[in-house]
Amino acid sequence: GAVVSQHPSRVICKSGTSVKIECRSLDFQATTMFWYRQFPKKSLMLMATSNEGSKATYEQGVEKDKFLINHASLTLSTLTVTSAHPEDSSFYICSASGNRGSQPQHFGDGTRLSIL
Amino acid sequence: RKEVEQDPGPFNVPEGATVAFNCTYSNSASQSFFWYRQDCRKEPKLLMSVYSSGNEDGRFTAQLNRASQYISLLIRDSKLSDSATYLCVAHNAGNMLTFGGGTRLMVKP
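The present account deals with the structure reproduced in this document. (Residues numbered from 1 in each chain as written. Chains lettered and ligands numbered in written order. Predicted model: local features only at pLDDT ≥ 70, side-chain atom pairs only at ≥ 80, totals over all residues. Heavy atoms only, no water.)

1. Quick look at the nonpolar core
- Within the largest apolar cluster, 25 residues are counted, with the highest numbers of intra-cluster contacts made by A:Val4, A:Trp35, A:Phe67, A:Leu79, A:Tyr92 and A:Leu113.
- Secondary-structure elements contributing two or more residues to this core are β2 (10–13), β3 (19–25), β4 (30–38), β5 (45–51), β7 (67–73), β8 (76–81), β9 (90–98) and β11 (111–115) of chain A.
- Among the nonpolar cores identified, the runner-up in size contains 23 residues, and B:Ala17, B:Cys23, B:Phe60 and B:Ala62 belong to it. (Core = buried A, V, L, I, M, F, W, Y, C linked by side-chain atoms within 4.5 Å. Buried < 20%, exposed > 50% of the residue type's maximum accessible area, 1.4 Å probe, protein only. Helix = DSSP H or I, 4+ residues; strand = E, 2+ residues; numbered from the N terminus.)

2. So, the interface of chain B and chain A
- With 17 residues of chain B at the contact, the number on the chain A side is 18 residues.
- For the pair chain B and chain A, the number of links is 0 salt bridges.
- Inspection of the chain B/chain A interface yields 3 residue pairs in polar contact (both at pLDDT 80 or more).
- Those elements giving two or more residues to the side of chain B that touches chain A turn out to be β4 (32–38), β9 (84–92) and β10 (96–99) of chain B. (Contact = heavy atoms within 4.5 Å. Salt bridge = Lys/Arg side-chain N within 4 Å of Asp/Glu carboxyl O. Polar contact = N/O pair within 3.5 Å; in protein donor to acceptor, adjacent residues only side chain to side chain.)

3. Brief notes about the sheet that holds β8(A)
Residues and elements named next belong to chain A.
- Here 4 strands make up an open sheet; going across it, the order is β1-β3-β8-β7 and the pairing antiparallel. Looking along the sheet, the strands with just one partner apiece sit at the ends: β1 (4–7) and β7. When strand polarity is set aside, the average angle formed by the axes of neighbouring strands in this sheet is 15°.
- Here β1 pairs with β3 via 4 bridges, running antiparallel. Counterpart to Gln6 in the pairing with β3 is Cys23. (Pairing = 2+ DSSP bridges. Axes fitted to C-alpha atoms, helices over the stretch in contact; angles between N-to-C directions.)

4. Things to note about the environment of A:Gln60
- Among the secondary structure elements, A:Gln60 is positioned in the loop between β6 (57–58) and β7.
- Distance in space between the C-alpha atoms of A:Gln60 and A:Leu46 is 9.7 Å, their sequence separation being 14 residues.

5. What about the state of the cysteines?
- Applying the stated rule across the entire model yields 2 disulfides over all chains.
- Paired through a disulfide, A:Cys23 and A:Cys94 show a sulfur-sulfur distance of 2.0 Å. As the torsion about the S-S bond is roughly 80°, the A:Cys23-A:Cys94 disulfide counts as right-handed. Of the two residues, A:Cys23 sits in strand β3 while A:Cys94 sits in strand β9, which places them 71 residues apart along the sequence.
- With a relative accessible area of 0%, A:Cys23 lands in the buried category.
- A relative accessible area of 0% places A:Cys94 in the buried class.
- The disulfide bridge from B:Cys23 ends at B:Cys88, spanning 2.0 Å between sulfur atoms. The sign of the -80° torsion about the S-S bond sets the B:Cys23-B:Cys88 disulfide as left-handed. Residue B:Cys23 is found in strand β3 (residues 19–25), and its partner B:Cys88 is found in strand β9; the two are separated by 65 residues along the sequence.
- Accessibility expressed as a relative area gives 1% for B:Cys23, which makes it buried. (Disulfide = S-S within 2.5 Å.)

6. Digging into the packing of aromatic side chains
- Under the defined criterion, the tally for this structure stands at 10 aromatic pairs over all chains.
- Taken together, a centroid distance of 6.3 Å and an interplanar angle of 40° make the contact between A:Phe67 and A:Tyr92 tilted. Residue A:Phe67 is found in strand β7, and its partner A:Tyr92 is found in strand β9; the two are separated by 25 residues along the sequence. Each member of the pair, A:Phe67 together with A:Tyr92, is buried.
- Seen in terms of ring centroids, B:Phe11 and B:Phe21 are 5.2 Å apart; in terms of plane orientation they differ by 80°. Their pairing is edge-to-face. Of the two residues, B:Phe11 sits in strand β2 (residues 11–14) while B:Phe21 sits in strand β3, which places them 10 residues apart along the sequence.
- Chaining the aromatic ring pairs together yields one cluster made of A:Tyr36, A:Phe107, B:Phe34, B:Tyr36 and B:Phe99.
- Lying over the aromatic face of A:Phe91, A:Arg112 brings its terminal NZ or CZ to 4.5 Å of the ring centre. (Phe/Tyr/Trp six-rings, centres within 6.5 Å; stacked < 30°, edge-to-face > 60°. Lys NZ or Arg CZ within 6 Å of the ring centre and 35° of its normal.)

Purely geometric stuff here, so don't read any function into it on its own.
This is how it looks when you write it as structure tokens:
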């Protein structure tokens, strides 16, 4: 069964809206959570890495004031796309790593964000 | 140069065919490697790990050549359900994953 839950799975909203995406580890403590973005026919690009209780580390080119990440507990991380614009439309996927199984990261189902 | 490179394809093969994908990586410090499968508009799912000694799981065989920094995936007796994008992934320090661009496979009846 799913070990990482991501919500919502689909968002359609107007330009200028802020959108919050949640990522939850269901049966393990995720010491580290990762946020990826994927454009059509492209691979996953890491946006940021967050460790519980500390500030996220953003990859080069990713605006931290645009993509706010909060990892307040060992089971929940949130990504807020602030004042979203059409160019922010993408598939956002979170993953979590911790002491569960042999996989380095467990992926959420992804959130398809469409900004009109 | 991308850290993990793959031929994007698409590879169009008939059912029952054998198909091989290749991947090269540039970071010699990468700790381990994986093949993930991603269906359209879905999250990536782990297909198998890749070892220097080779790893076989049913119709799938993965191989790692550290000297050449080269990874392969072989799919035998292709099924329609194998149609997907296959992602070559390097596992680095800090549990970081670096994804290749993916190779698209289309298996035709």
